[in-house]
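# Descriptive structure summary
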Amino acid sequence: MKIAARDFLAMPWKNGQGVTHEIAREPAGGERFLWRLSLAEVAASGDFSVFPGYDRTIALVAGEGMELEFEEAPAKRLDRPFEPFGFRGEWHCRSRLLSGPCRDLNLMVDRSRAVGKAERLVLETATIPRDVSEGWLLVYCARGEIEIEGERAVAGEVLKLGSGRHGIAGRGLVLAMTVHILRGT
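### Some details on the environment of Glu-69
Along the polypeptide, Glu-69 turns up in strand β7 (residues 66–70). On the accessibility criterion, Glu-69 (34% relative accessible area) is partly exposed. Glu-69 sits 25 residues away from Arg-94 along the chain, and the two C-alpha atoms are 5.2 Å apart. Filtering out sequence-adjacent residues up to four positions away, Glu-69 remains in contact with Ala-75, His-92, Cys-93, Arg-94 and Arg-96.

### Thoughts on the pattern of salt bridges
On inspection of all chains with the given rule, the structure shows 19 salt bridges. With its nearest N and O atoms 2.9 Å apart, the salt bridge here joins Arg-111 to Asp-55. Remark: Asp-55 occurs in strand β6 (residues 54–62) and Arg-111 occurs in the loop between β11 (102–110) and β12 (114–123); sequence separation between them is 56 residues. Between Arg-80 and Glu-83 there is a salt bridge, and its shortest N-O distance comes to 2.4 Å. The partly exposed category is assigned to Arg-80, whose relative accessible area is 44%.

### Here we look at the layout of surface pockets
Considered as a void within the structure, the largest pocket measures approximately 300 Å³ in volume. As for the largest pocket, its lining consists of 17 residues, of which Arg-25, Glu-31, Phe-33, Arg-36 and Phe-51 are closest to the centre. Secondary structure elements with two or more residues in the lining of the largest pocket: β2 (9–12) and β3 (19–26). Split by residue class, the lining of the largest pocket holds nine nonpolar, two polar and six charged.

Conventions used here
Residues numbered from 1 in each chain as written. Predicted model: local features only at pLDDT ≥ 70, side-chain atom pairs only at ≥ 80, totals over all residues. Heavy atoms only, no water. Helix = DSSP H or I, 4+ residues; strand = E, 2+ residues; numbered from the N terminus. Buried < 20%, exposed > 50% of the residue type's maximum accessible area, 1.4 Å probe, protein only. Contact = heavy atoms within 4.5 Å. Salt bridge = Lys/Arg side-chain N within 4 Å of Asp/Glu carboxyl O. 1 Å grid on protein atoms, 1.4 Å probe; cavity = no way out; pocket = protein on both sides within 12 Å on 5 of 7 lines; lining within 4 Å. Points joined across faces, edges and corners; volume = space filled by probe spheres on them. Nonpolar A, V, L, I, M, F, W, Y, C, P; charged D, E, K, R; others polar.

Printed below as a string of structure tokens:
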């Protein structure tokens, strides 16, 4: 299924200090989610929302980036577009913008029920296979045009697929994310 930017749902951050655009989540409604993919607008330096029990992976999408400061871990500079960085949702994170507002892609996964993974892929001529035994494949097209199983996406769009073997084809840059459901949950 293709998800276009016009279909993203704008909402305030959990802590009220910013805006995020929810792209997809499971389940679709309710307070607690198994996973959520969103695009956050970081307009000013400040605190990130806390999400106990979740693993977070973020990647810079637009802007010069930010320095993330944690009470629980060393600081991390995010200034390379689409380079994923993971941290625990309960960590206290404060962002310091490097040079103006930026935007980042966020994958949050309930670690008691699933495992999330994100990777930056450059597509040229070969199809890149990805297997999802039980879960989802989410592919954010950063540049160019991609195709998976006949569904096409251009920059700023997301393709969401269920379990199975999928081939990511096209030319461009993508952030490919998998969510694997843990057995027994």
